[in-house]
Structure formats: C-alpha cells, structure tokens
Amino acid sequence: MIHSFRYSFSIMLLICALGASAQTVIPLWEKGAPGFESRRNEPEQAKDYWVKNIHNPSLTIYAPPAGTANGAAVVVCPGGGHRLLVYNSEGVAPAKFYNSLGITVFILKYRLGRDSASPYKIEVHARQDGYRAMRMVRSRAAEFGIDPNRIGLMGFSAGGELVDMIAFGGYEGDPKAADLIDRANSKPNFIVQVYPGPSYVPEHIAADAPPAFLVAANDDACCSLPLIQLLQRYREAKVPVEMHMYARGDHAFNMGTNRKLKSINHWPDRLADWLEDSHILQPEKDLKKVMH
C-alpha cells in the first residue's frame, strides 16, 4: 500500500545537504563486502566514461534541487557487460534526468564478475549487491527523505540483468538478521529496463511483480529479444507493463543523446509520462486529495 508522505524539517535539511554535494557515497557494507573485507580499500579505476575494479560496492546519492523532491527514489544499475560500469552515460545522466522530476537517485556500483582477474560471480556477488542496495535504501528511507513504497530499480544492459535477478524473487528480508538493513524487503515498487541483457530473464513472474517500463531498439541484436520475453511474462501474469520498441537505435543509446534519431532522443519523455501516469511522482491517494 502507498502511504501519504510528508517531510520533517530534519529530512528536508538532509535533502538540501545531499543536493549541495550531489555525490554522497555510502558503502553497502561499512566494513566491506562479506568475505572480501580485506579488499574494501583497493582503489577503483576510472577513465572517460567508465569505472571498474570495484571491491567496495556502494551507492552514490543524487538528490533533486532543494524543495523539489517528491519522495520517489530509484536505484540505477549501469551496464558494461559486467566488465566495467558505463558510469557517466548510464549512471549520472539518468540521475540528472530523475532529479529534474523530483526523484532521488542512488547509483549502484556493483561488483563485476567479468572484470580482469575478478574473484566475483555475477549470480552471487552482483546479485548480493543488488539486494543489499535495495534493502539499504528502504531501511533508511526516512533518513533519505523518501517514501519506502515508491522505490524503483533501473538497469541498462548488464545492469538490466541485475534488475532481473533482484526484482522477481528472493527479496524477503531476514527478520532475525543482526544487521537491521538485512531485515528490510528488497523488492522494488517499479522497474525500468533499458535494453537489458539476455541472462536471468525469469521464466515466470508472479501476479504481484512490480510494474515495468521497458525500452529497446529492434535492431539491437543483443538485447531486444530479452525485452520481448519480459513483456510476454508480464502479459501472462497480467501485471501492468509498458514497452517502447524503436525501429532503430541499436545498443547503448543511453538516455538518447548519442543518436541522431528523434524517437531515441525523446525516449526519456515517454518514461516521464509513465512515471506520472503510474502515480510514482505523486502517490495516488495524495493526487485524489488534490483533485477533490
């Protein structure tokens, strides 16, 4: 159930502070990832558009301008083939887009199973990071000034595979966990899949799966079919879903600015429409109050 949401004065101060820095970084585990604590201080590698060598998975917070936050939030998972993270185009750019709509963003740096000499496995460690990220955001919702019932999960390419692993099962928290974060439910309230990778598309989804927005280009040899498969699963489960399959655009069109195609240039507008129509920008109960 979506609850009415009000900010306290202290939360508003936090939002202002986060907005001012725009790059507050929170490690998923204070002492490092379980079993790899000794590697948490190893520096990341970053150049041009990418980041890799991630041993201390984290969330980077991008808050909307002061006074514009509406309580919704999104955890963004950049792509990069699990070898690196396309951090600027598939992390920072979508964060700024969501911020313009009043949505608080948490960019996830997850461990990369195909990075050089990586000790990590995608289905184990990247998945663990995804669950932990969602649990952290929800368990600290009041601190972050967000509504725990309006937290989404967005993935690009390989990041979309992470979304598929997290969104459709295994998200229940452990009520007996010593770490309070691990007690929280990690199920997203909605998902946004942008040319998601082909692995980990579920065979079935439950009737209570999160509503989904799906987008890809038909000429994307890698990642248009996974979107069609996911659409079919949603149709079978009778769960709300919206898909935009563009004729051209290929792979990695990011937030649409790197293509000379009007349709691709404007795909984020369709996402903004969907977020509004789905009552994510403003809870339905609050909207009814305004209308009456």
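Residues numbered from 1 in each chain as written. Predicted model: local features only at pLDDT ≥ 70, side-chain atom pairs only at ≥ 80, totals over all residues. Heavy atoms only, no water.

Engineer: Sorry if this is basic, but what is going on with the nonpolar core here?
Structural biologist: The nonpolar side chains of a soluble globular protein tend to be buried with one another. Ranked by internal contacts, the top residues of the largest apolar core, which has 83 residues, are Tyr98, Met154, Trp267 and Leu271. The element contributing the most residues to this core is helix 3 (residues 122–139), with seven residues. Aside from chain neighbours lying at most four places away, what touches tyrosine 98 is Val74, Val76, Ile103, Val105, Met154, Val192, Leu271 and Leu275. (Core = buried A, V, L, I, M, F, W, Y, C linked by side-chain atoms within 4.5 Å. Buried < 20%, exposed > 50% of the residue type's maximum accessible area, 1.4 Å probe, protein only. Helix = DSSP H or I, 4+ residues; strand = E, 2+ residues; numbered from the N terminus. Contact = heavy atoms within 4.5 Å.)

Engineer: Explain the sheet that holds strand 5 (residues 73–77) to me, please; I cannot follow it from the model alone.
Structural biologist: The strands that make up a sheet are held in pairs by hydrogen bonds between backbone atoms, and each pair lies either parallel or antiparallel. A sheet is described by the order of its strands in space; here eight strands give the open sequence 1-4-7-5-8-9-10-11, paired in mixed fashion. Looking at strand neighbours, the two that pair on one side only are strand 1 (24–27) and strand 11 (241–246), the edges of this open sheet. For this sheet the average axis-to-axis angle between neighbouring strands, irrespective of direction, equals 15 degrees. Here four bridges tie strand 5 to strand 7 (residues 104–109), and the two strands are oriented parallel to one another. Looking at the pairing, valine 75 lines up with phenylalanine 106 of strand 7. Packing of helix 3 onto the sheet brings it into contact with strand 1, strand 4 (58–62), strand 5, strand 7 and strand 8 (151–156), and relative to strand 8 it is tilted by some 150 degrees. Packing against the sheet, helix 5 (residues 158–167) makes contact with strand 5, strand 7, strand 8 and strand 9 (190–194), and its axis sits at approximately 140 degrees to strand 8. (Pairing = 2+ DSSP bridges. Axes fitted to C-alpha atoms, helices over the stretch in contact; angles between N-to-C directions.)

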